Amino acid sequence: MAQPRKGIILVGAPGSGKGTQAKKLQEVLGYAHISTGDLLRAAVRDGTPLGAKAKGFMDEGALVPDALVIDILMEALDSLDADKLFLLDGFPRTIPQAEALDAKVTIERVIDLQVPYSILEERITGRRMSPSGHVYHVHYNPPRVNGVCDVTGEPLYQRSDDTSEKVKARWDKFESETRPVIARYQARGIVVEVDGVGHPDTIFVRIQAVLR
Ligand code: AMP
């Protein structure tokens, strides 16, 4: 299959709501959503060789080495229709990743979701996941039955990197490794900053407005 040519990137610190907004963009505007975090978690869950290599980094809130992440991202891009607009969530997080991406496709817009650290920490430590990918929050978006997914009935779990200790490490990585990626795209004039504080539906309206 020919490679897709054009897409957008959602960037933002861990807990800024990239995954939530990416799912809405996929459902409402038809983007092909690619999340390297979801792909890596699936690899860990399935016990693949990639998952075995990535698990330790993920548990620590560290970044998985570029070569591994670039490989899975390129594979995911190759599996999409060439004319489908794609949406990247969680990639690129480093300059080498951005270089690999830019050598392959055209990025038209980068949406930078802005959320202060104090809010990020609360969002992340209260986040609960279902194995099938539905995301809850103990206060802001609780399931109907405590600890159980509304959609699938599966027990919810907390990501191993969603603890207070790991949040700081992940934020530090975002500041040191991913800020320069945003600057790279800023220099091209394609970054749009979006206020990521508020109800997910309100934030989605802001994102749609900048994509028009
Ligand atoms: P996320 O779901 O995007 O928060 O990603 C969860 C974890 O997967 C991160 O903390 C990293 O350990 C790893 N990961 C996801 N995307 C990348 C990436 N682009 N580069 C390096 N590590 C990544």
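Computed from a predicted structure; not experimentally measured.

K.L.:
How would you explain the environment of Tyr-157 if you had to name every residue and give the values?
P.N.:
Considering the arrangement of structural elements, one finds Tyr-157 in the loop between strand S6 (135-137) and helix H7 (164-186). Considering only alpha carbons, one finds Tyr-157 and Leu-29, 128 residues apart in sequence, at a separation of 29 Å. Excluding its chain neighbours within four sequence positions, the residues that come into contact with Tyr-157 are Arg-41, Arg-128, Met-129, Ser-130 and Pro-131.

K.L.:
Provide a residue-level description of the environment of Thr-36, including the pertinent values.
P.N.:
Mapped onto the secondary structure, Thr-36 falls in helix H2 (residues 36-46). Look at Thr-36 and you get buried, because its relative accessible area is 3%. For Thr-36 and Ser-160, which are 124 residues apart along the polypeptide, the C-alpha to C-alpha distance reads 16 Å. Among the polar contacts made by the side chain of Thr-36, one reaches the main-chain carbonyl oxygen of Gly-90 at a distance of 3.0 Å.

K.L.:
Requested: an account of the packing of aromatic side chains, with residues and values cited.
P.N.:
Under the defined criterion, the tally for this structure stands at two aromatic pairs. Where Tyr-117 meets Trp-171, the ring centres are 5.2 Å apart and the plane angle is 65°; that geometry is what we call edge-to-face. Of this pair, Tyr-117 sits in helix H6 (residues 117-125) while Trp-171 sits in helix H7; the two residues are 54 residues apart in sequence, bridging distant segments of the chain. Judged by relative accessible area, which is 25%, Tyr-117 ranks as partly exposed. For the pair Trp-171 and Phe-174, a centre-to-centre distance of 6.2 Å together with 35° between the ring planes defines the contact as tilted.

K.L.:
Would you mind going over the site of the ligand in detail, with residue names and values included?
P.N.:
Neighbouring residues of the ligand: 16 residues in total, closest Thr-36, Ala-62, Gly-90, Arg-93 and Gln-97. Residue Arg-93 places a side-chain N or O atom 2.9 Å away from a nitrogen atom belonging to the ligand. Protein chains bury 96% of the 470 Å² of accessible surface belonging to the ligand in isolation. For the shell around the ligand, the element with the most residues is H2, which contributes four residues. When grouped by side-chain class, the residues that make up the shell around the ligand number seven nonpolar, four polar and five charged.

What counts as what
- Residues numbered from 1 in each chain as written.
- Predicted model: local features only at pLDDT ≥ 70, side-chain atom pairs only at ≥ 80, totals over all residues.
- Heavy atoms only, no water.
- Helix = DSSP H or I, 4+ residues; strand = E, 2+ residues; numbered from the N terminus.
- Contact = heavy atoms within 4.5 Å.
- Buried < 20%, exposed > 50% of the residue type's maximum accessible area, 1.4 Å probe, protein only.
- Polar contact = N/O pair within 3.5 Å; in protein donor to acceptor, adjacent residues only side chain to side chain.
- Phe/Tyr/Trp six-rings, centres within 6.5 Å; stacked < 30°, edge-to-face > 60°.
- Near = heavy atom within 4 Å.
- Areas by Shrake-Rupley, 256 points an atom, 1.4 Å probe, with all protein chains shown as cover.
- Nonpolar A, V, L, I, M, F, W, Y, C, P; charged D, E, K, R; others polar.

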